[in-house]
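# Coordinate analysis (summary)
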Amino acid sequence: MRRPNWVPEGTDLDKPNAARVYDYYLGGSHNFEVDREMARKAIALWPELPQIMRSNRAFLRRAVQYTAERGISRFLDIGSGIPTFGAVHEIARAIRPESRVVYIDRDPVAVAHSRLLLAEDPDSLVVQADVRDIDDLMSRPEVTELLADGEPVAVLLVAVMHFVQDADDPWKLLAVIRDALPPGSALVLSHASLEGRPDQAEDHQRLYRMTPTPLTMRTVEQITGLFAGFDIVEPGVVYLPQWRPDQPEAVGEHPERMTGVAGVGFRP
């Protein structure tokens, strides 16, 4: 397979990649046939998947707008993926033009493309790091500088922590992040839940075991526990369409079919 110019050397083009599969669900162009094949298999099992991914992206937009309106102009986007259809810096700067963003991702394809896209934006930086190695991530100069002067920061973990297995203790990782944040900082988080579509959960998790990033769906109670030490704002940890919708009628009769849950909390 011919390597596109946005893909770094050493990237395995023969295995599906979660970031590129997500890009495909959103209608992006930074994916390969192996990613599209996996996505088609997933959609065959779960036809609503593209809608779920777009619902997740819409939550990201609303949450960034909400935190920016609350005065936050610094954003740490962990697991940012490949920028598609409204990146965080674009959403935030529509409200607070001075906004600064540090994008973090472990995937070299996502990082390489983000750096290319943001090469001329001094207030948007890209770091290759893994949330599972949280001490390394939090010690990166781009991150320490973002936190240095005590201004509140919004940490975005949108559709990320379900790629952290229980053995890596996601609750402990969140505690390390929380303790490093200035007061008034926010946690924006969405996560695949077991309750929304329990009939589909095992098949979907089995499919993701084919990738380097297996999926661990959790209960709403477990996901809420990730907000320990944060004051969760209304409406709480709810299904994706239910979190402060632009139009209440857009939620629909069965928000649980979007299966993911989401919330925002602030550090006192």
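Structure first, text after, so check above.
So, here's what we can say about the structure. (Residues numbered from 1 in each chain as written. Predicted model: local features only at pLDDT ≥ 70, side-chain atom pairs only at ≥ 80, totals over all residues. Heavy atoms only, no water.)

## Comments concerning unusual backbone geometry
Our working definition: A run of DSSP states H or I qualifies as a helix once it reaches four residues; a run of E qualifies as a strand once it reaches two. Both are numbered from the N-terminal end.
A cis amide bond links E234 to the next residue, P235, at an omega of 10°. Mapped onto the secondary structure, P235 falls in the loop between β6 (231–232) and β7 (238–239). Of note, the phi angle at D169 is positive, near 55°, even though the residue is not glycine. Mapped onto the elements of the fold, D169 is located in the loop between β4 (154–158) and α8 (170–180). At R244, a position not held by glycine, the phi torsion is positive, near 45°. Within the secondary structure layout, R244 lies in the loop between β7 and β8 (260–266).

## What to know about the layout of surface pockets
Condition: Cavities and pockets are found on a 1 Å grid laid over the protein atoms alone: a cavity is a set of points where a 1.4 Å probe fits but cannot escape, a pocket is an open set with protein on both sides within 12 Å along at least five of seven lines, and a lining residue has an atom within 4 Å of such a point. Grid points are joined across faces, edges and corners, and a volume is the space filled by probe spheres set on the points. Charged residues are taken to be Asp, Glu, Lys and Arg, nonpolar residues to be Ala, Val, Leu, Ile, Met, Phe, Trp, Tyr, Cys and Pro, and polar residues to be all remaining types, Gly included.
In this structure, the second largest pocket encloses a volume near 220 Å³. As for the second largest pocket, its lining consists of 14 residues, and the residues nearest its centre are S55, R62, P241, A250 and V251. Taken together, the residues of the lining of the second largest pocket sort by class into seven nonpolar, four polar and three charged.

## With respect to the side chain of R218
Note the cut-off: Pairs of N or O atoms within 3.5 Å make up the polar contacts considered here, provided that, within protein, one atom can donate a hydrogen while the other can accept it, and that residues adjacent in sequence are counted only when both atoms are side-chain atoms.
Position of R218 relative to the elements: it lies in the loop between α9 (198–208) and α10 (220–225). Separated by 2.5 Å, the side chain of R218 and the backbone oxygen of V164 make a polar contact. Within the local environment of R218, its side chain forms a polar contact with the side chain of H191, the two groups lying 3.0 Å apart.

## With respect to helix α3 (residues 49–69)
Worth spelling out the cut-off: How far a helix is expected to stretch is found by multiplying one less than its residue total by 1.5 Å. Summary of the burial criterion: residues with accessible area below 20% of their type's maximum are buried, those above 50% are exposed, and those between are partly exposed, where the area comes from a 1.4 Å probe applied to protein chains only.
The end-to-end C-alpha separation of α3 is 30 Å, in line with the 30 Å expected for 21 residues at 1.5 Å each. Judged by how many residues are buried, α3 sits mostly within the fold: 15 of 21 residues are covered. Phi turns positive, to about 105°, at G71, one or two residues after α3.

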